[in-house]
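# Structure assessment
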Amino acid sequence: MNLTPLIELSRGGTLECVHFGAVALANRHGKLLAHAGDAHWLTFSRSTLKALQSLPFMQAQGPTQFGFASEQIAMLCASHNGEDSHVAQTQGMLEKAGLTTKALRCGCHVPGIFEATGTAPPVGAVYDERHNNCSGKHSGMLAACLALGLPTQGYATLEHPLQKQILEIMQHILETDDIGVAVDGCGVPCYRVPLHRAALGFAHLAASDSLPSHQSGLEIAANTMQTHPYLIAGRDRIDTALMQAVPSAVSKIGAEALIGVGVHSSSHGPLGIALKIEDGSERARDVAIHRILEELGVIGADELLSYRAAPILGVAGNAVGAIQPAFDLIWA
């Protein structure tokens, strides 16, 4: 594993902290276009590939069968804040599939909106599985079981036929058998893939016509994400901000400082980006992806300012340091 410094933090002109990681950019044919650090790093995709996990539901005509609105299809791909709009869409998905919250196996946690905004939950507030950031994915998996004639019992386990089908789809789309399987935080399988193969997945989301066997499902997933960016994440989240700023982009973060982005570059056509910060720093992840998108000309220097290189402010609001990219992409 050959990681490289991606982000540096300095204070008083002295280097204080370095975040290492790796970046891979690939086109829809699987060619590695550019990288920083080890583009072949085997790392867990976590929530970045939720759009691919939704494909069995798409292929079974699940959205039509259950009458899912485009907002609810987008929720299959979301890692949301658990805001009222997210909970309402999840509830609608469950009702249309004839299910209740008790069917979900994602567990319950305090809604992410409080972490995103740096606020505390109201005293006495009560939450359930619908507030889990992965509740849309789980609701979609339950609906996929019903659409495919599979049991909903055990839908989250590695041995369930739905999860085996998802793994086969991953292998096909990412063009590799080198996929390890473990359990994600929400209880369903997550996939260990080479970083450049994750980038290929996002290149296919940017240009679904390159993969005819999954074109329709990829188009639906990408279009609903682009149409409803707030449902994909929510307030003060980079996925939502990026897709609002660049409506043709598909952006999806994963736990431990992962992000995948599918974009159209004027110089390189449709491509996918996969980026991982080794120590899990989300702040470093956001600055690094901003740096890449700016180099590609996808965003301008004055866009997404809260996610770019900037002074570090003290509690009183004065500049006490700086966070800056420390890498250059190496182009093939």
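Now for a look at the structure at hand. The structure displayed is predicted, hence computed values, not measured ones. (Residues numbered from 1 in each chain as written. Predicted model: local features only at pLDDT ≥ 70, side-chain atom pairs only at ≥ 80, totals over all residues. Heavy atoms only, no water.)

### As for the overall build of the chain
Using the following cut-off: Each helix is a run of H or I in the DSSP string that is no shorter than four residues. Each strand is a run of E no shorter than two, and both are numbered from the N terminus. The quantity called the radius of gyration is restricted to C-alpha atoms. Its globule counterpart is 2.2 Å times the number of residues to the power 0.38. Partly exposed residues are those whose accessible area sits between 20% and 50% of the maximum for their type, while under 20% is buried and over 50% is exposed, using a 1.4 Å probe and protein chains only. Residue burial considers only the protein chains on display, and all accessible areas are found by Shrake-Rupley using a 1.4 Å probe. Here the positive residues are Lys and Arg and the negative ones are Asp and Glu; neither His nor the chain ends is included. Where a charge lies is defined by one atom per residue type, namely NZ (Lys), CZ (Arg), CG (Asp) and CD (Glu).
A tally of regular secondary structure across the chain gives 13 helices and 12 strands. Compactness check: the chain gives a C-alpha radius of gyration of 19 Å against a globular reference of 20 Å for 332 residues, within 12% of the reference. For the C-alpha atoms alone, the extent of the chain along its principal axes is close to 60 × 50 × 30 Å. Going through the 332 residues of the chain one by one, you find that 55% of them count as buried. Roughly 13200 Å² of accessible area belongs to the chain as shown, and the carbon and sulfur atoms make up 51% of that amount. Distance from the positive charge centre (21 side chains) to the negative charge centre (30 side chains) of the chain: 3 Å.

### Points about the sheet that holds strand S6 (residues 189-194)
Whenever strands of a sheet pair, they do so through backbone hydrogen bonds, lying parallel or antiparallel. Under the convention used in this document: One bridge is not enough; two strands pair if DSSP finds at least two bridges between them. Between the N-to-C directions of two axes lies an angle of 0 to 180 degrees, each axis being a line fitted to C-alpha atoms and, for a helix, fitted only over the stretch in contact.
One open sheet holds the 3 strands; their spatial order is S4-S6-S5, and the pairing between them is antiparallel. Looking at the sheet topology across the chains shown, the edges are occupied by strand S4 (42-44) and strand S5 (180-183). Neighbour-to-neighbour, the strand axes of this sheet turn through a mean angle of 30 degrees, independent of strand direction. The sheet contact formed by S5 and S6 spans 4 bridges and is antiparallel.

### Quick word on the packing of helix H5 (residues 84-96) against helix H7 (residues 135-148)
When two helices pack together, their arrangement is captured by the angle between the axes and the distance separating the axes. Using the following cut-off: Orientation labels follow simple angle bins: below 35 degrees gives roughly parallel, above 145 gives roughly antiparallel, 65 to 115 gives roughly perpendicular, and whatever is left gives oblique. Residues count as neighbours in contact if any of their non-hydrogen atoms are within 4.5 Å of one another. Three residue categories are used. Nonpolar comprises Ala, Val, Leu, Ile, Met, Phe, Trp, Tyr, Cys and Pro, charged comprises Asp, Glu, Lys and Arg, and polar comprises the others, including Gly.
The interhelical angle for the contact between H5 and H7, taken along N-to-C directions, is 10 degrees, at an axis separation of 10 Å. Taken together, the axes of H5 and H7 are roughly parallel relative to one another. Each of Thr 90, Met 93 and Leu 94 in H5 lies in contact with H7, whose residues at this interface are Ser 135, Gly 136, Ser 139 and Gly 140. Of the residues belonging to the contact of H5 with H7, the class tally is 2 nonpolar, 5 polar and no charged.

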